[in-house]
Structure formats: structure tokens, C-alpha cells
Amino acid sequence: METTLKRGAGILLPIYALPTPNGIGTLGKEAMEFIDFLKESGQKYWQVLPAGPTSIGDSPYQNFSAFAGNPYFIDLETLREEGLLKRENYEERDWGGHPGYVDYAHIYENRFKVLRIAFGNSEHQETEEYRNFEKENAFWLEDYALFMAVKGYFDGACWLDWEEDIRLHEEKAVARYKEKLAYDIEFWKFLQFKFFEQWDKVRAYANENEIEIIGDMPIYVALDSADTWVYYEQFQLDEEHNPEKVAGVPPDAFSDDGQLWGNPLYDWDAMEKDGFFWWRARVKTAAKLYDAIRIDHFIGIVRYFAIPAGAKNGMVGEFHWGPGRKLTDAIVEAAGETKIIAEDLGVIIDEVRALKKEAGFPGMKVIEFGFDSGADNDYLPHNYEPNSIVYAGTHDNETLAGYLQNISGYTKEHLMDYLAIRDEDEYQKCALDRVIRMAYGSVSSAAILQAQDVLGLGNEARTNEPSTIGYNWKWRLQPGQLTEKHSAYLKKLAELYRR
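Calculation notes
Residues numbered from 1 in each chain as written. Predicted model: local features only at pLDDT ≥ 70, side-chain atom pairs only at ≥ 80, totals over all residues. Heavy atoms only, no water. Pairing = 2+ DSSP bridges. Helix = DSSP H or I, 4+ residues; strand = E, 2+ residues; numbered from the N terminus. Axes fitted to C-alpha atoms, helices over the stretch in contact; angles between N-to-C directions. Expected span 1.5 Å × (residues − 1). Buried < 20%, exposed > 50% of the residue type's maximum accessible area, 1.4 Å probe, protein only. Contact = heavy atoms within 4.5 Å. Phe/Tyr/Trp six-rings, centres within 6.5 Å; stacked < 30°, edge-to-face > 60°. Lys NZ or Arg CZ within 6 Å of the ring centre and 35° of its normal. Salt bridge = Lys/Arg side-chain N within 4 Å of Asp/Glu carboxyl O. Arc of directions from axis to C-beta.

1. Here we look at the sheet that holds strand β7 (residues 303-308)
On the basis of which strands lie adjacent, the open sheet formed by 4 strands has the order β5-β4-β7-β8 and antiparallel pairing. Two strands lie at the open edges of the sheet, namely β5 (259-264) and β8 (318-321), each paired on one side alone. Between one strand and the next, the sheet's axes are offset by a mean angle of 45°, whatever the strand orientation.

In C-alpha cells, the structure reads:
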């Protein structure tokens, strides 16, 4: 049964990229204002990147928990309005020197200090709302809070470097640290309570305005995560809980050396024995956040690449078969009314196509992938099917303006022919608009543009360049950058192409 999204358009903008004061985007007034912009622009979707708590490297795809929310996204102004903070608690702190980029070092240094002040002023533990929150999230909340508290006790070290008894999650050690770190455990639980409380208000406001939120679920979890530490039997770990093999992909269009992600691989046999209980819980939690869940690296459910632990890149490894339909059936059941989207980019084999079709999940089309080969290229709009989502480019690609600036030779000639562009002058003036129109005019049920592409920004605003570190996940929208002119342009396209 197909889970086609209703025909519409949307914008991809991570939460951290909202133009909120104090260094990083949050779930406050600016989130509501962005929803207003989407509605005024005739949009139906807001797509975000994973909203979990980020670890070293600040990637949204490497989280300390597959269930928890990112405490950075808790809005400080809202906490002030609740009487938990004063302006001087946060306005006088250094959140970084440029409003257009996240300075994660300053955020890490200052954010938790402010949030601890709010925690000290809170009486949430006495409320029925908090007690209900604890009950509803009992599967993961206590484990995550303990994990973060113990991590703090060991100065932020990865759990593999903790003392042996707690590293191996021995029962007596767990009880001892729960008693020793009780105050910190409550702090981390408080942060999750506030994150979900604020998120619920943002999602409710979006839905009231007929905007659906599309969220991203990484297929893998981070090695340094509460999930791997607590549910070690569900992963390919040795007796000392060290990874035997890790995730990645072989050499491809993104990297000549392949990509070494380093995530622990699932023990699919163990997961199948308990009916994919962990996955079901994960999907149910994600369904509380999103109207549609995009499963990143969907092809890994069918076939995954296993790289020996300790390898330097993705050039060594081997493919193994995943659970396929057994897992997608569990995901659909757990998701309920929440739609599932398959991120099916990469080397697609027939088995992936078949599973996606059987499950009815919409896949992805990326226009930037369409012009380096002939007319049978799956990413050219004349080859799309309605049950799909089209992007000019994703967060892992160049911005559309950057792509158009950098292509040359056959690719550029092919694109110009396809768009009926006659010369270089017309190309510079019209190419970006025509690619956007091509996405909107396609048969794909949803057309999603990055905010950077609506603004026509170059690669200085790129979200992520795979296999690089230091400059990713930082670009932010600035106040007033999206204008009424942008809104009118998008609304006109949405009306023109029945989106």
C-alpha cells in the first residue's frame, strides 16, 4: 500500500539553522515564524535534519541517543517566560562571533551552564505533566539520563573508556552510579522534558497551519550512544563490547576511498528474535515528533556494507544481507499514521527497488544527479514516478547555485539542452529558476528545496560535504533573510504547479 505524500512543496531547514538569538536555532518564536512563512508561501512541508543530541563533530547523524532530543534546541526565551531564567543568564554570554554560523565550541561551553540554572529554578518534578512524560518515555529516558550523567562523571569520555564494570553495564555498577549521580540524572531528564514540551507546541502550530514536518531518522546509531551501551546485545560487538565491524559505504560518487562512518552494525538476527522491539520503540518515539519519517540510508535495510573495525577508509569491507521486509513491516506497524520515506540514494540494487515498492514508501529524486549521463538517468524528471520526493539537492550536496556554477562539459551542455537555455548569459540569469520550476512541475508528490536554494546562495552556505570535517552543519538563516519577495515567488510556483 502506497504512502504517497499529498502533492505539495516544502523547505528543508534544520532546527539549528533557524535565526534565533543566542547562537543556534531553537524551538521558540523563530520556529513559529518560519511556519508562518511556509504557510504564506503556499508550502505544505517543513523538512528538518535529525533532532537528536549531537556528539563530537556536531553531525546531526551522530547522536548520543536514537530517542532523545537535542538540548541545544531548547528555547531560552521560553524558559525565561516560564520564570526559569533571567535575561542576564544568557544574553551576556559569548555564543560565537557570526550570526550566520553556529559556533559549536561556544555553544557547548555555555549552553549547559544556562540550562542548569533553569533546572535549579524548576519545580517540574511536582507536576503531573512531568510524571506522565516519565511514564510515556520509560523505555529510554532513564538509560539516556544515566548515560549522560556517567559520561559527565568521566569528563565526556566515550563509554568504551569508562571503568570496566560500568562500561560493561553490570547491574551493580548501574545501581551504584544511579545513586551517586542522582542529581545529574534528573538534570538530563529535565532537558528532555523541556525539549519535547517545546517540540509538541511547534508541531501543533505547524499542523494547525496545515504544515507537516518531515524528520530524518539515521539508519545507524553512534558508537558513543546510550543505545549501544545499554542494548549491546543488539549490535555486532565482541565480549568486551568493542565493535567487530562498522558501517560505511565503498567508493562511490561522493568519495574515491569510500566512506567510513564508524557506526556499530546491528545484529539483525538478535533483533529479529525479539520482534525488532528496539526499532519499534524508536519509530514510535520519532512518530511523536514528525508527520513523516525519512529513513536515511534505506538501502542498508536490504544490504549493508561491513568494514572491519580499525580500518582507515571504506575501501575494505563486504556486503551482507539485511532483514528487508521483516523490518519494514515492523516499522510500518510502529509508525501508525506517520508516513515513511525511503532515502534510496546510492547504488540501488533490484532488491531495494522491490522492497520500496512492496512497502509503498516514496523514494527520493535529486535533480543535481540527473545530467551526467543520458536520457535514462533515473534523476531526470521525465523518469520520475508520483510516489517520490524531488529535491534540487540534499544537505549532502552543493547548493543549487554552487552546483550550477561548478558544472562544466557534458553535464552543463546536457542541463542547458534540457532547460532550453541558449547561451551563457541566459544560463547565468535563468538556470536556477528553471531548475526550481522543473522540480515544482514534476509528477513527484512533494518538491523540497533547501532554504539556501530559495535564497540562491552559493557553496559558502553548503550544509555538509561528506568525508570532510570542520565546516559542516553550521550555516544559519539570518533574521529577515527570507523576504516577502521569496514568499510570493514560492506561492506563485505552488499555485502554478498545483502544489
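2. Focus on helix α5 (residues 141-153)
The terminal C-alpha atoms of α5, which comprises 13 residues, lie 18 Å apart, in line with the 18 Å expected from a rise of 1.5 Å per residue. Within α5 the residues assigned to the buried category are Leu-141, Tyr-144, Ala-145, Leu-146, Phe-147, Met-148, Ala-149, Val-150 and Lys-151. At its buried positions, α5 is contacted by α4 (128-136), α6 (164-167), α7 (171-180), α8 (182-208) and α9 (226-230). Positive backbone phi, at 55°, marks Asp-155, one or two positions downstream of α5.

3. Some thoughts on the sheet that holds strand β10 (residues 363-366)
Here 8 strands make up an open sheet; going across it, the order is β9-β6-β3-β2-β1-β12-β11-β10 and the pairing parallel. Every interior strand has two partners, whereas the edge strands, β9 (339-342) and β10, have only one. On average, each strand axis in the sheet is tilted by 25° relative to the strand beside it, whichever way the strands run. Its contacts with the sheet put helix α17 (residues 424-441) on β1 (8-12), β11 (388-391) and β12 (446-450), and the angle it makes with β12 is roughly 150°.

4. Notes on the packing of aromatic side chains
Taken as a whole, this structure holds 44 aromatic pairs when the rule is applied. Relative to Tyr-418, the ring of Phe-371 has its centre 5.5 Å away and its plane inclined at 75°; by these criteria the two rings are edge-to-face. Residue Phe-371 is found in the loop between β10 and β11, and its partner Tyr-418 is found in helix α16 (residues 409-418); the two are separated by 47 residues along the sequence. Geometry around Trp-95 places Arg-111 over its ring, the cationic atom sitting 4.9 Å from the centre. Above the plane of the ring of Tyr-427 lies Lys-412, whose end atom (NZ or CZ) is 4.5 Å from the centre.

5. Some words on the environment of Tyr-108
With respect to the helices and strands, Tyr-108 occurs in helix α3 (residues 104-121). Distance from Tyr-108 to Ala-446, taken between C-alpha atoms, is 36 Å for residues 338 residues apart in sequence.

6. A short note on the pattern of salt bridges
Scanning the model with the defined rule gives 34 salt bridges in all. Where Glu-82 meets Lys-194, a salt bridge forms, and the shortest distance between an N and an O atom there is 3.0 Å. Residue Glu-82 is found in the loop between α2 (76-81) and α3, and its partner Lys-194 is found in helix α8; the two are separated by 112 residues along the sequence. You can call Glu-82 partly exposed: its relative accessible area is 33%. By relative accessible area, which is 6% here, Lys-194 ends up buried.

7. With respect to helix α13 (residues 325-335)
Considered for burial, the residues of α13 that qualify are Leu-327, Thr-328, Ala-330, Ile-331, Ala-334 and Ala-335. Viewed end-on, α13 has its buried residues packed into an arc of 160°, placing them on one side of the element. For α13, the secondary structure elements touched by its buried residues are α10 (268-273), α11 (277-289), β6 (292-296), α12 (299-302), β9 and α14 (350-359). Directly beyond the C-terminal end of α13, a positive phi value near 65° is found at Gly-336.

8. Focus: the pairing of β10
The alternating pattern of β10 places Gly-363 and Lys-365 and Met-364 and Val-366 on opposite faces, both of which are buried. Pairing geometry for β10 and β11, over 4 bridges, is parallel. Looking at β11, one finds that Met-364 is bridged to Ile-389.

9. Overview of the pairing of strand β3 (residues 212-218)
A regular strand places its side chains so that they alternate between the two faces of the sheet. Burial runs high along β3: 7 of the 7 residues are buried. Pairing between strand β2 (residues 45-47) and β3: 3 bridges, direction parallel. Opposite Gln-47, over in β3, you have Ile-214 as the bridge partner. As paired strands, β3 and β6 are joined by 5 bridges and run parallel to one another. Counterpart to Met-217 in the pairing with β6 is Ile-295.

10. Examining the environment of Ile-107
By secondary structure assignment, the location of Ile-107 is in helix α3. For Ile-107, a relative accessible area of 0% corresponds to the buried category. In the structure, Ile-107 is positioned 82 residues away from Lys-189 in sequence and 20 Å away in space, judged by C-alpha atoms. Filtering out sequence-adjacent residues up to four positions away, Ile-107 remains in contact with Asn-22, Gly-23, Ile-24, Tyr-72, Trp-95 and Val-102.

11. Comments concerning the environment of Ala-138
Considering the arrangement of structural elements, one finds Ala-138 in the loop between α4 and α5. In this structure Ala-138 comes out as exposed when scored by relative accessible area, which is 52%. Spatially, the C-alpha atoms of Ala-138 and Leu-191 are 15 Å apart, while their sequence positions differ by 53 residues.

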